[in-house]
Amino acid sequence: MVKPAVSISDLRERAKARLPKILFDWIDGGAGDERGLRENEQAFDAYRFLPRYMLDVSQRQQQQNLFGQIYASPFGIAPTGYAGLFRPGADLMLAAAAREARIPYIMSGTSTSSIEEAAAIAPENVWYQLYAAVDAGITRDLIARAARAGCQALVVTIDIPIAGKRERDLRNGFDFPLRISPGLIWDGFCHPGWTLDYLRTGGLPVMKNWAPYAPVGITPVQVAQFANSHSFAVQTWDHFKLFRDLWPRKLIVKGVMHPEDALMALRLGADGLYISNHGGRQYDRSVAPLAMVPMLRRAVGRDVPLMMDGGIRRGSDILTALCLGADFVFQGRPTLYGAAAQGLEGVNQAIGILRSELDNFMGQIGCLDLGRDKLPDFLVRIDAYGLLQSEA
Ligand SMILES: Cc1cc2nc3c(=O)[nH]c(=O)nc-3n(C[C@H](O)[C@H](O)[C@H](O)COP(=O)(O)O)c2cc1C
């Protein structure tokens, strides 16, 4: 019996131990020198909290209302593609864990399980992230399927205008299909837990959302290539108008960084904005999403639901983002490390760690609930020496 992980970094180490390097690097890595990846996490270090004492903190509640739905915590699971490659059935584990924890789970547009399977497991919790197709017929069908399955929201990712330069993947030769080399075979041999699971479940899992549109009888690798080559090469706000026309429920734009893009999305009918730089995976001179929260909040006003992700590894990170003006946060790698390391149990642990850290932190600083008006008073900014810079 493996001891429960104490922190997200424990789960990361366990994922690293179980996965071949080529796969761990695909989850863990970022673009270029990975400056953006590091800064996503480091941005939280600029903040500290001033506690209020002599309050009765025995009752703390972290539930949060988003789009009229009450979630048990103010964080959810960001879309992460090919999760089933790291752990067979991982998408459905993420969905099941989200249902159990009463938080949202965004199924990736490059998941291996299907929208219908995820929505059947967690009808109240599944959102779908759209990677639209060059063929508008496929896009319409994906959106119709997500609506029929009962997905609560559609998330349109806008921050992949072209592919990023991920140097770990280039060095490791990560591609579909994986190029079989002596190095790859050795990598698999050194990580027998993952390799045996992979072989036992038939190798690369098929991308079930895309498979219906691909030629009949082709292999999972060919389906992945089909999805890749049939995904949008160019996506503009004109396409977004079509998504708005087709989607009947909440529509969210993911990857917003510039205030003008935020305003454009709202003008075209977005219901919520999701600040993100794709976890530092696209380009290496991005501003950390956390740093954009105050500016975007000012730009869009008080009432627009504002979400963010990037670098959330601690309960205190969640609270920092909320104090700066986010309504809700998402995290991608922590639950994926959990799935890769220990399957459903690992995902539950990742969620449990973030939730209990947030709860503990709220108790420590005298924050009884996430009522927006009181939150900014807890936060201060420090400089590189730890000296107080200003009130945040
Ligand atoms: C392995 C991996 C796969 C991802 N796949 C997708 C995806 O399919 N669609 C998407 O919108 N974002 C994708 N992302 C970005 C995440 O949704 C999210 O923005 C990012 O992971 C947040 O940063 P964090 O990992 O530090 O929490 C992926 C991220 C990772 C790490």
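Our subject is the structure that appears above.
Residues numbered from 1 in each chain as written. Predicted model: local features only at pLDDT ≥ 70, side-chain atom pairs only at ≥ 80, totals over all residues.

> An account of the overall build of the protein chain is requested, with residue identities and associated values reported.
Per the secondary structure count, the protein chain includes 16 helices and 13 strands. On C-alpha atoms alone, the protein chain measures out to a radius of gyration of 20 Å, which is about the 21 Å that the 2.2 N^0.38 rule sets for 392 residues. Over its C-alpha atoms, taken along the principal directions, the protein chain stretches across nearly 65 × 50 × 40 Å. The contacts in the protein chain between residues at least 6 apart in sequence include a share of 69% that link residues at least 24 apart. (Helix = DSSP H or I, 4+ residues; strand = E, 2+ residues; numbered from the N terminus. Rg over C-alpha atoms; globule rule 2.2 N^0.38 Å. Contact = placed C-beta atoms within 7 Å.)

> Can you explain unusual backbone geometry? Please cite residues and give values.
The backbone of Met54 sits at a positive phi, close to 60°, despite the residue not being glycine. Along the chain, Met54 turns up in the loop between strand E1 (47-49) and strand E2 (64-66). For Met54, a count of 6 C-beta atoms within 10 Å translates into the label exposed. Residues other than glycine seldom take positive phi values, yet Tyr82 does so here, at roughly 55°. Within the fold, Tyr82 resides in the loop between strand E4 (75-77) and helix H4 (83-86). (Buried ≥ 20, exposed ≤ 12 C-beta atoms within 10 Å, placed from the backbone.)

> Just give me the short version of the site of the ligand, but keep the residues and values in it.
As a structural note, the neighbourhood of the ligand is formed by 24 residues, with Ala78, Gly81, Gly279, Gly332 and Arg333 the closest of them. A class-by-class count of the residues in the shell around the ligand yields five nonpolar, 15 polar and four charged. (Near = placed C-beta within 6 Å. Nonpolar A, V, L, I, M, F, W, Y, C, P; charged D, E, K, R; others polar.)

> Can you tell me about the nonpolar core, naming the residues and giving the values?
Of all hydrophobic cores here, the largest spans 104 residues; its most connected members are Leu94, Leu154 and Leu273. Top element by residues in this core is helix H16 (residues 333-365). It accounts for 13 residues. In contact with Leu94, other than residues within four places in its own chain, are Ile77, Ala83, Tyr105, Thr335, Ala339 and Val347. (Core = buried A, V, L, I, M, F, W, Y, C linked by C-beta atoms within 7 Å.)

> Tell me what's going on with the environment of Gln59, and back it up with residues and numbers.
Residue placement: Gln59 occurs in the loop between E1 and E2. Separated by 47 residues in the primary sequence, Gln59 and Arg12 have C-alpha atoms spaced 32 Å apart.

> Tell me about the packing of helix H13 (residues 259-267) against helix H14 (residues 289-300), and name the residues and values.
Packing of H13 against H14 leaves a shortest axis separation of 9 Å and a crossing angle of 40°. Our classification of the angle between H13 and H14 gives oblique. Viewed along their axes, H13 and H14 form a crossing whose handedness is right-handed. Where H13 abuts H14, its residues Pro259, Ala262, Leu263 and Leu266 lie against Met295, Leu296, Ala299 and Val300. Class assignment for the residues of the contact of H13 with H14 results in eight nonpolar, no polar and no charged. (Axes fitted to C-alpha atoms, helices over the stretch in contact; angles between N-to-C directions. Parallel < 35°, antiparallel > 145°, perpendicular 65-115°, else oblique. Left-handed = near helix turned anticlockwise from the far one by under 90°.)

> Go over the packing of helix H1 (residues 8-18) against H16, please, and point to the residues and values.
With their axes 10 Å apart at the nearest point, H1 and H16 run at an angle of 170° to one another. Our classification of the angle between H1 and H16 gives roughly antiparallel. Contacts between H1 and H16 involve Ile8, Leu11, Arg12, Arg14, Ala15 and Arg18 from the first element and Pro334, Tyr337, Gly338, Ala340, Ala341, Gln342, Gly346, Gln349, Ala350 and Ile353 from the second. Here the contact of H1 with H16 is composed, by residue class, of nine nonpolar, four polar and three charged.

> Mind laying out the pairing of strand E9 (residues 272-275), listing which residues take part and the relevant values?
Taking every second residue as pointing to the same face, both faces of E9 are buried, with Gly272 and Tyr274 on one and Leu273 and Ile275 on the other. Read from strand E8 (residues 250-256) through H13 to E9, the crossover connection turns out right-handed. Here E9 pairs with strand E10 (residues 306-309) via three bridges, running parallel. Within the sheet, the bridge partner assigned to Leu273 lies in E10 and is Leu306. As for the winding sense of the linkage, the β-α-β connection from E9 through H14 to E10 is right-handed. (Right-handed = clockwise from strand over helix to strand, strands pointing away. Pairing = 2+ DSSP bridges.)

> Describe helix H5 (residues 90-101), listing the residues and the values that go with them.
Taking 1.5 Å per residue, 12 residues should reach 16 Å; H5 reaches 16 Å between its end C-alpha atoms and fits that length. Those residues of H5 lying buried are Ala90, Asp91, Leu92, Met93, Leu94, Ala95, Ala97, Ala98 and Ala101. Structurally, H5 contributes buried residues whose contacts are with E4, H4, strand E5 (105-107), helix H6 (115-121), strand E6 (126-130) and H16. Positive phi shows up at Arg102, right after H5, with a value of about 55°. (Expected span 1.5 Å × (residues − 1).)

> Can you break down the environment of Lys374 residue by residue, with the values?
You can see Lys374 is positioned in the loop between H16 and strand E12 (379-382). In this structure the C-alpha to C-alpha distance between Lys374 and Pro205, which are 169 residues apart in sequence, comes to 47 Å.

> Provide a residue-level description of the environment of Leu324, including the pertinent values.
On the secondary structure map, Leu324 appears in the loop between helix H15 (315-323) and strand E11 (328-331). On a C-alpha basis, the gap between Leu324 and Arg297 in space is 8.5 Å, while along the polypeptide they are 27 residues apart.

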